[in-house]
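# Architecture at a glance
What follows is the residue order along each chain.
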Amino acid sequence: MSNSFQLNDGNAIPAIGLGTWPLKGQSCVRAVESGIATGYTLIDSAMNYDNEAAVGEGIRRSKVEREELFVASKLPGRWHQKELALSAIEESLLRMRLDYLDLYLIHWPNPKRGEFASAWEGLVEARERGLVRSVGVCNFTPDLLDTVIQETGVVPAVNQIEVFPYWSKPEIREYHQQHGILTEGWSPLGRGGDLLEHAEVAAVAGHHGVTSAQVILRWAHQHSVVPLPKSANPERQRSNLDIFSFSLSDREMSVLDQLEGSRADIAPSDPHNYEQL
Ligand code: A2P
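Since this is a predicted model, take the numbers as computed values, not measurements. (Residues numbered from 1 in each chain as written. Predicted model: local features only at pLDDT ≥ 70, side-chain atom pairs only at ≥ 80, totals over all residues. Heavy atoms only, no water.)

### What to know about unusual backbone geometry
Backbone phi values are negative for most residues with the exception of glycine, while trans is the configuration of most peptide bonds. The amide bond that connects Trp-21 to the next residue, Pro-22, takes the cis arrangement and shows omega of 5°. Considering the arrangement of structural elements, one finds Pro-22 in the loop between strand S3 (17-19) and helix H1 (25-38). In this model, Lys-63 sits at a positive phi of 65°, which is unusual for a non-glycine residue. Considering the arrangement of structural elements, one finds Lys-63 in the loop between helix H2 (52-62) and strand S5 (70-75). The phi dihedral of Asn-110 is positive, around 40°, even though this residue is not glycine. (Helix = DSSP H or I, 4+ residues; strand = E, 2+ residues; numbered from the N terminus.)

### Considerations on the side chain of Arg-218
As for its placement among the helices and strands, Arg-218 is situated in helix H8 (residues 212-222). Among the polar contacts listed, one links the side chain of Arg-218 to the side chain of Gln-222, at a separation of 2.8 Å. When neighbours within four sequence positions are excluded, Arg-218 is seen to be in contact with Ile-243, Phe-244, Phe-246, Ser-247 and Leu-248. (Polar contact = N/O pair within 3.5 Å; in protein donor to acceptor, adjacent residues only side chain to side chain. Contact = heavy atoms within 4.5 Å.)

### Re the packing of helix H3 (residues 82-96) against helix H4 (residues 116-128)
Contact pair H3 / H4: the axes reach a minimum separation of 7 Å and the direction vectors enclose 50°. Judged by the angle between their axes, H3 and H4 are oblique. Of the two possible hands of crossing, H3 and H4 adopt the one that is right-handed. In this structure, H3 contributes Lys-82, Ala-85, Leu-86 and Ile-89 to the contact, and H4 contributes Ser-118, Ala-119, Glu-121, Gly-122, Leu-123, Glu-125 and Ala-126. Its residues assigned to classes, the contact of H3 with H4 comprises six nonpolar, two polar and three charged. (Axes fitted to C-alpha atoms, helices over the stretch in contact; angles between N-to-C directions. Parallel < 35°, antiparallel > 145°, perpendicular 65-115°, else oblique. Left-handed = near helix turned anticlockwise from the far one by under 90°. Nonpolar A, V, L, I, M, F, W, Y, C, P; charged D, E, K, R; others polar.)

### Looking at the site of the ligand
In the vicinity of the ligand, 15 residues are found, and the nearest of them are Leu-189, Lys-230, Ser-231, Ala-232 and Arg-236. Interatomic distance of 3.4 Å between a backbone N/O atom of Pro-188 and an oxygen atom of the ligand. For the ligand, whose accessible area on its own is 570 Å², the fraction buried by protein is 74%. (Near = heavy atom within 4 Å. Areas by Shrake-Rupley, 256 points an atom, 1.4 Å probe, with all protein chains shown as cover.)

### Here's the deal with helix H10 (residues 250-257)
Looking at H10, one finds that the buried residues are Glu-252, Met-253, Val-255 and Leu-256. Seen end-on, H10 carries its buried residues on one side only, within an arc spanning 155°. Those residues of H10 that are exposed and angled more than 90 degrees off the buried face are Asp-250 and Arg-251. Looking at the packing, one finds that the buried side of H10 touches helix H7 (199-208) and H8. (Buried < 20%, exposed > 50% of the residue type's maximum accessible area, 1.4 Å probe, protein only. Arc of directions from axis to C-beta.)

### Focus: the sheet that holds strand S9 (residues 182-186)
Taken in spatial order, the eight strands make up an open sheet running S3-S4-S5-S6-S7-S8-S9-S10, and their pairing is parallel. If you trace the sheet from one side to the other, it starts and ends with S3 and strand S10 (225-227), each paired once. On average, each strand axis in the sheet is tilted by 30° relative to the strand beside it, whichever way the strands run. Sheet topology note: the strand S8 (residues 158-162)/S9 ladder contains five bridges and is parallel. Bridge pairing in S9 links Gln-160 to Glu-184. (Pairing = 2+ DSSP bridges.)

### Description of H4
Note on helix geometry: an α-helix contains 3.6 residues per turn, so any two residues three or four positions apart are oriented the same way. A rise of 1.5 Å per residue sets the reference length of H4, with its 13 residues, at 18 Å; its end C-alpha atoms lie 18 Å apart and thus fit the reference within 8%. Regarding H4, the residues found buried are Phe-116, Ala-117, Ala-119, Trp-120, Gly-122, Leu-123, Val-124 and Ala-126. Those residues of H4 that are buried lie in contact with S5, H3, strand S6 (101-106), strand S7 (132-138) and helix H5 (142-152). Following H4 by one or two positions, Gly-130 adopts a phi angle in the positive range, close to 85°. (Expected span 1.5 Å × (residues − 1).)

Structure, rendered in structure tokens:
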């Protein structure tokens, strides 16, 4: 697989994927079909996006062989127990009408409920049963990763976190590197916010003759992050995927790195307090 990273379980993951939140229904089917036609092989869904059936339909309409694709979904908090997690994965497969998933992730740790380690055992069991090929988590902080690893002995293959230049989370990425965990990035373009209009990002983009979105996605790639930009627009899907024909210099990477914390008026969700069921 070209433009991919190796996971700690030996599987490969594409270096960029198509985000699907908040797409639903036929617009999601069309976006997934056009995304795959454009060249995306990693499609990121979640049970809580309420679009697994639409993602599965887009995959079937694409006519691309299942083995060519890398399909991911996520476990909601209300299924955080080993047996429940196994049922949820079966349910995701039924909704998507697929035989297996390439990646299944715990969507949010919901640490106050204290059940994510049991949920994690369900994901690991699902991998052993062949329902999923790789398992991981989302929105875990290093202390929560320590807990899951200590309680189960199994290191997640992936932690999907919200990462873009305002919130580049170097301490979490450093922990991932030390433990062989791949970082996926959700909302990599900054939740459609003002990052795409930032003058310094635009200047770098102008220098390379690319868009600001391409610069931001390339920045993620050079930090070994797999970005998951969502776009329903075929032209933006195409340009977002085109991040392998140019590279950012150390100076340009540092310009983007220095945007860290420059938006004090917005804050990322705190996984210790945020609850999503
Ligand atoms: P659209 O689907 O109309 O393209 P994120 O993935 O960071 O959450 O950002 C998603 C948002 O950014 C969506 O609103 C999406 O809208 C928009 N978007 C995606 N790609 C681009 C792009 N290349 N330029 C501008 N906006 C984009």
